[in-house]
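Observations on chain architecture
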Number of protein chains: 2
Amino acid sequence: MKVNLNPAKGMRDITPQEKEIRDYVEGVIVNTYKQSGFELIETPVVENIENLIGSKGGENLKLIFKILKRGEKLDFAKEGFTEEDLADLGLRYDLTVPLSRFYCNNRANLPSVFKAMQVGNVFRAERAQKGRYRSFKQCDIDIIGDGTKSAELELIATTAKALNALNVTDFVVRFNDRRVLKAVILKCGFTEEEFDGVCIIVDKLDKVGLSGVEKELNEKDYSLGASANLVKALESINDKGTSCLVEYGVSEEVVKDVEEIINQSREFADGKYDVEFDFTLIRGMGYYTGSIFEIAYKNLGYSIAGGGRYDEMVGNFIGEKIPAIGFSIGFERLVNQLMDEKFKVPNLEKLVLLYESGDKYIDVLKKADDLRAQGYTVAVYEKAKKLGKQLNQFTEYGYNKFAVYSSEETEVKDLSSN
Amino acid sequence: MKVNLNPAKGMRDITPQEKEIRDYVEGVIVNTYKQSGFELIETPVVENIENLIGSKGGENLKLIFKILKRGEKLDFAKEGFTEEDLADLGLRYDLTVPLSRFYCNNRANLPSVFKAMQVGNVFRAERAQKGRYRSFKQCDIDIIGDGTKSAELELIATTAKALNALNVTDFVVRFNDRRVLKAVILKCGFTEEEFDGVCIIVDKLDKVGLSGVEKELNEKDYSLGASANLVKALESINDKGTSCLVEYGVSEEVVKDVEEIINQSREFADGKYDVEFDFTLIRGMGYYTGSIFEIAYKNLGYSIAGGGRYDEMVGNFIGEKIPAIGFSIGFERLVNQLMDEKFKVPNLEKLVLLYESGDKYIDVLKKADDLRAQGYTVAVYEKAKKLGKQLNQFTEYGYNKFAVYSSEETEVKDLSSN
C-alpha cells in the first residue's frame, strides 16, 4: 500500500528552520502587544457550528470545515438528511467570532474596556494553491467597549510598533471609514440597498483598475449617472483630500474624526511609517461599521495587516450594543515577505557538541550544560565518521559553532571557518 | 433565540490570567528544550483520516473527531453509506502520529538523528468531565534514529531539566522496559498472545491494588499458576531490585541497559529528583518496544509526564526500521498542579496608566512608551469616576503598579499600597 506522507491538502508541515523564524516573529509581535497591555486569550479552534453559521462571515461561511457528529447523535436512518443533520461542530474560520463569543461569555471577569490579543490558526476550505493555505495563523488585537477614537489610535500605534520591532518600516497605513463610503456612495445616487453590492465592485479596484470598476458598475442594474459620479469620486477624492468630503454629504463630525486619527497617528509615527486617507479602501467583510484600515508594505499585491470597527457584532450575541474594533496582522504574509527578504533571527548562537560512542554520555550532557550556561544553544550528536560532511550539514541546519567533547578541555570553534 | 455562549462541549476559553501562567510554563519548557538542541516543528491539527485510522492508536481511534467531506465529494446519494464515506480528514489525537508522518515526509532535509520538539493541542471526543477536556496541549520531545541508550539518558535529563526550571523538583522518574515485562510475564507461564491482555490488567494496579489485579487475572481464561506467579513477581521484584531479573528470564544485556540508564540518570539528577526501577509500570499504548518511563509528582493519582521507545512506529510509514523514543509532558496536568500550588509568573511588572478623557491621547501613548522603556508592561485605560473601585479591579487582573497621566510628571505607584 502506498502511504500518503504529505500533510492534508492545503495544510503544512513546518520544518525547524522555518519554525525558528515564525516563532521569533510571533514572539516579537506578542511581546510588543503584551507590553502594551493587550491581554492574550485563547479560544478553541473547534466551535459549535451554529455560532459559526450564525455569524456575518459572508463568503467564509461556505468554507467552514464541519465536524461529523459522533456515536448515537449520528443518525443515518433519518431520510433525506442534510449536512446540518450530520455536523454539530466546526473549525473557526477567523478569530473574531470566537473572540465575540468569549467576551460575552466571560465579561463579568473582564475589564469594561477589554484590550484583547489572540494568536492562532484559522481554517478555510479554500481551493489550495501556492502561498494560499487552508490553515493559517492570524495575530489579532481588539478593543471591546471603547467607542472613542482612542481605540483607533492605539490599535494603529501598537500594530505599527510590532512591525517596527521586526525592522519593518516604510509601510503605509491606509485609512478610510465605512460612514464616509456610505455617504459618498449615496450622494452619488445609489440607494441604501445598493451600498453593499457597490462596495464589492469597488473593492476590486486594485485588481481591475478604474476602467474595470466602471465596466462592472455599468453591467449592473445601477443608475448610469450614479455610476459615473462614483467613478469621478474614486478618481478625485484622494487628490482633493478629506476636506472635500463634506461636499459629498459626509458629516463634519465624521470628517473631523478621520482627520484627527490620521494626523495624530502620523505624529506618533514620527516618520517611521506613513498614515494616509484612502477613499478607495473598502475591505470585504460586511460587519464593519466605521473606521477601516490596512497596512500596505512594498509593492506586494496585498496588505500585511487589516482591520476596522465592528460595533454591531459582539453585542449581537447578547442583544446589546457594544463597540468593538480590531487590527489583524496577516502572519503568513508577513513571514513569507520576511523570508523572501532573507530574514535572520538575530543573536542566535547554535552550537553542536559532538561525542564519540565511547564517551560516557552523562559527562557529555554535563559538558553541554556548562556550554549552555555560557549562553549557547547546544545540541548533542554523535560524531560521524565523515566529520566535514557532518559539519556542513549542521551549518545548513542553522548552527554556527561546534565543539568535540573532551574530558579535558572542549574547544568551541566557528562552523563557518571549518 | 437563546445563544449558547459557552465553548463547545469539552473545549475551553482561556482567560488572560490563566493564559499568562500557561504561556510562562510553555515558554520555560520550550526554551529549555530549544537550548538543549531539540528542534521545534509544527504539524497541522488536521490530518488525512487514513493516517489517523491506520495508526496503532488503540482506544484513541474511537475518539477521533472526523471532518465532513466538502462539496461534490460529499455524496448523499450513495446508498448505505458509512462514516468512512462522509469524512476524509480528522483532528489529530496525539502528536506522535503526525511526527512520524512528518519525519518520513521530510527526512531528506533532517539530521540522520533527529531531535524533535512539538507543542500543540490534540483532540479526543472523550466524555467531558471536570479536569478532562476534549482538546488539550501536549509538549513532546522525541529522538528519531538513535537506538542507543544515549537517547533515553538525554530525554530523561532534558524533561527533568524543564521541570526543574519551573521549580518543580522532588519528583520520581519511574523506569521500566517492555522487554523486561515480556520476559517476566512469559516466564510466569503466560503465552506470547496473552502478553497484551495481561499488561492491560496489570496497568490497573494503581487503581485496584494487587488483590484487584489478582481477581481480574483469575476471572480470565489464564493458567492459574501463571497468574499466581505474576502476582508474586509484582509483589517482590521491586523489593529485590533489577539484579533478580535474570532469574525471571530477562537477558543480561537488557538488565545492564536498564541499570545503566537508571544509574547514570540518577547521577545526572544530583539529588534534585529520583530515578527508580518500577516493574509495575506498564503504560497503555501498544506501540512501545523497549524503555517506558513516567514522572510521578507528589501524591497525584496520575503522572505529569510519560514516554518510551517505539522502534516500530516511524518506520512503518515507509517500510523501514527506524528507532524512535519520546517523552511527553502532560501540559494540562502540570499547569493544573502549578495553579493549585498558587504558582505566580516571576518578575511581572504590570502597570496601568490612567488618563482623563480630555487628555491628548497621542501624548498618553507616548508616555506609556516611556514607561515601557523602563521595563514595565503598560496598559492604557481611561480613568473611571470611581478610581478606588477601578484600581481594585486592576489588582484582580494581575496588575501591581498604576500611574495617572500628567503632561508634567507621571508618578508610578504601587497598586497594593492603594
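Quick caveat: nothing in here was measured; it's all calculated off a predicted structure.

This part covers the nonpolar core. Among the nonpolar cores identified, the biggest contains 127 residues, and A:V25, A:I29, A:V184, A:L334 and B:L353 are the most heavily contacted of them. Of the residues forming this core, the biggest block, eight residues, is contributed by helix α5 (residues 149–165) of chain A. When neighbours within four sequence positions are excluded, A:V25 is seen to be in contact with A:L166, A:F331, A:L334, A:V335, A:L338 and A:F343. Core analysis: the second largest hydrophobic core is formed by 126 residues, A:A379, B:I201, B:L230 and B:I329 among them.

In this section: the sheet that holds strand β1 (residues 39–40) of chain B. Residues and elements named next belong to chain B. Pairing is mixed in the open sheet, where eight strands are placed in the order β1-β5-β6-β11-β10-β9-β7-β8. For this open sheet the edge positions go to β1 and β8 (274–277), each flanked by a neighbour on one side alone. Sheet topology note: the strand β7 (residues 172–177)/β8 ladder contains four bridges and is parallel. Bridge pairing links V172 to D274 in β8. Across the face of the sheet, helix α10 (residues 252–269) comes into contact with β7, β8 and β9 (291–296) while running at roughly 165° to β8.

With that settled, the discussion passes to the sheet that holds strand β12 (residues 350–355) of chain B. Residue and element names in this part refer to chain B. Taken together, the four strands give an open sheet; going across it, the order is β13-β12-β14-β15, and neighbouring strands pair in mixed fashion. Bordering the open sheet on either side are β13 (377–382) and β15 (412–414), each of which pairs with just one other strand. On average, each strand axis in the sheet is inclined to that of its neighbour by 30°, with strand direction left out of account. In this structure, β12 lies alongside β13, joined through six bridges in parallel fashion. The partner of V352 across the bridge, within β13, is A379. Its contacts with the sheet put helix α14 (residues 387–396) on β12, β13 and β14 (401–404), and the angle it makes with β12 is roughly 155°.

Moving on: the domain arrangement of chain A. Under the domain assignment, chain A is made up of domain 1 (16–340) and domain 2 (350–414). Centre-to-centre, using C-alpha coordinates, domain 1 of chain A lies 48 Å away from domain 2 of chain A.

For the rest of this paragraph, the subject is the packing of aromatic side chains. In the structure shown here, the tally under the stated rule is 28 aromatic pairs over all chains. Centroid distance B:Y33 to B:F38: 6.3 Å. Interplanar angle 55°. Geometry classified as tilted. Exposure remark for B:F38: the relative accessible area of 2% places this residue in the buried category. Grouping aromatic residues by their ring pairs yields a cluster made of A:Y381, A:F394, A:Y397 and A:Y399. Residue placement shows A:K350 over the ring face of A:Y399; its charged tip is 4.7 Å from the ring centre.

Conventions we followed
- Residues numbered from 1 in each chain as written.
- Chains lettered and ligands numbered in written order.
- Predicted model: local features only at pLDDT ≥ 70, side-chain atom pairs only at ≥ 80, totals over all residues.
- Heavy atoms only, no water.
- Core = buried A, V, L, I, M, F, W, Y, C linked by side-chain atoms within 4.5 Å.
- Buried < 20%, exposed > 50% of the residue type's maximum accessible area, 1.4 Å probe, protein only.
- Helix = DSSP H or I, 4+ residues; strand = E, 2+ residues; numbered from the N terminus.
- Contact = heavy atoms within 4.5 Å.
- Pairing = 2+ DSSP bridges.
- Axes fitted to C-alpha atoms, helices over the stretch in contact; angles between N-to-C directions.
- Domains from an automatic or database assignment.
- Phe/Tyr/Trp six-rings, centres within 6.5 Å; stacked < 30°, edge-to-face > 60°.
- Lys NZ or Arg CZ within 6 Å of the ring centre and 35° of its normal.

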